[in-house]
Amino acid sequence: ILQSDITTSGAEITCAQLPEIKGNPTFLAQLFYNLLSNAIHYQSPENKLEINVLCRQQGPNWVIDVADNGLRIENIPDANLSIAGNHARNSADIS
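Residues numbered from 1 in each chain as written. Predicted model: local features only at pLDDT ≥ 70, side-chain atom pairs only at ≥ 80, totals over all residues. Heavy atoms only, no water.

**Q** Help me understand the pairing of strand 2 (residues 50-58) in this model?
**A** On a regular strand, one side chain projects to one face of the sheet and the next to the other, so that they alternate. In terms of strand pairing, strand 1 (residues 12-15) meets strand 2 through 4 bridges, oriented parallel. Following the sheet pairing, I13 is matched in strand 2 by I51. Once you follow strand 1 into helix 2 (residues 25-41) and on to strand 2, the crossover reads as left-handed. Of the strand pairs in this sheet, strand 2 and strand 3 (residues 61-68) are connected by 8 bridges, and their pairing is antiparallel. Pairing of Q58 across the sheet is with N61, part of strand 3. Where strand 2 folds back on strand 3, the antiparallel hairpin that results is connected by 2 residues, among which G59 adopts a positive phi of roughly 65°. (Pairing = 2+ DSSP bridges. Helix = DSSP H or I, 4+ residues; strand = E, 2+ residues; numbered from the N terminus. Right-handed = clockwise from strand over helix to strand, strands pointing away.)

**Q** When you look at a nonpolar patch on the surface in this model, what are you seeing that I'm missing?
**A** A cluster of nonpolar side chains, namely F27, L31 and L35, defines an oily patch on the protein surface of about 250 Å² accessible area. Residue placement: L35 occurs in helix 2. (Patch = residues over 30% accessible without salt bridge, like charges linked within 9 Å, V, L, I, M, F, W, Y side chains within 5 Å. Areas by Shrake-Rupley, 256 points an atom, 1.4 Å probe, with all protein chains shown as cover. Salt bridge = Lys/Arg side-chain N within 4 Å of Asp/Glu carboxyl O.)

**Q** Would you mind going over the side chain of S9 with me for this structure?
**A** For S9, the position within the fold is in helix 1 (residues 3-9). Among the polar contacts listed, one links the side chain of S9 to the backbone nitrogen of A11, at a separation of 3.2 Å. Setting aside residues no more than four positions away along its own chain, S9 makes contact with I40, Q43 and L49. (Polar contact = N/O pair within 3.5 Å; in protein donor to acceptor, adjacent residues only side chain to side chain. Contact = heavy atoms within 4.5 Å.)

**Q** Please clarify how the environment of E50 should be interpreted in this entry.
**A** Tracing the sequence through the fold places E50 in strand 2. With relative accessibility at 38%, the residue E50 sits in the partly exposed group. Note: C-alpha distance between E50 and N69 (19 residues apart in sequence) is 5.9 Å. Not counting chain neighbours up to four residues away, the residues in contact with E50 comprise E12, A67, D68 and N69. (Buried < 20%, exposed > 50% of the residue type's maximum accessible area, 1.4 Å probe, protein only.)

**Q** Help me understand the environment of I40, please; the structure alone is not making it clear to me.
**A** Position of I40 among the secondary structure elements: in helix 2. Measuring from C-alpha to C-alpha, the distance between I40 and A11 comes to 7.5 Å, with 29 residues separating the pair along the chain. Those residues in contact with I40 that sit more than four places away from it in its chain are D5, I6, S9 and L49.

**Q** How should I be thinking about the confidence of the model for the chain in this particular structure?
**A** Low pLDDT marks regions whose predicted coordinates should not be analysed in detail. Looking at the chain, the pLDDT average stands at 81 and 76% of residues meet or exceed 70. Ranking the elements of the chain by mean pLDDT puts helix 3 (residues 83-94) last with 42 and strand 1 first with 94. Within the model, the stretch residues 82-95 combines pLDDT values under 50 with 3 contacts to residues more than four positions away or in other chains. (pLDDT = per-residue confidence, 0-100.)

In structure tokens form, the structure reads like this:
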């Protein structure tokens, strides 16, 4: 679904070997779609977009990091949101 956006943006995506995890496949696909889509949408006009997907084990859990070199949220004019509030609300939905 994002292939044309990735191609048009010229984004370079690197992805580590990801573990097999338990979870709702639809939710996980939507999560990755949103992260990649936001990275493309808010890319810096000054840099070629680079997106890195990494993972690390933390105890019995896996932490998956998605990072990009796009605009920082404080540099986005209409980004009037509470990150902590969104995280708390989304975390409650996952349990």
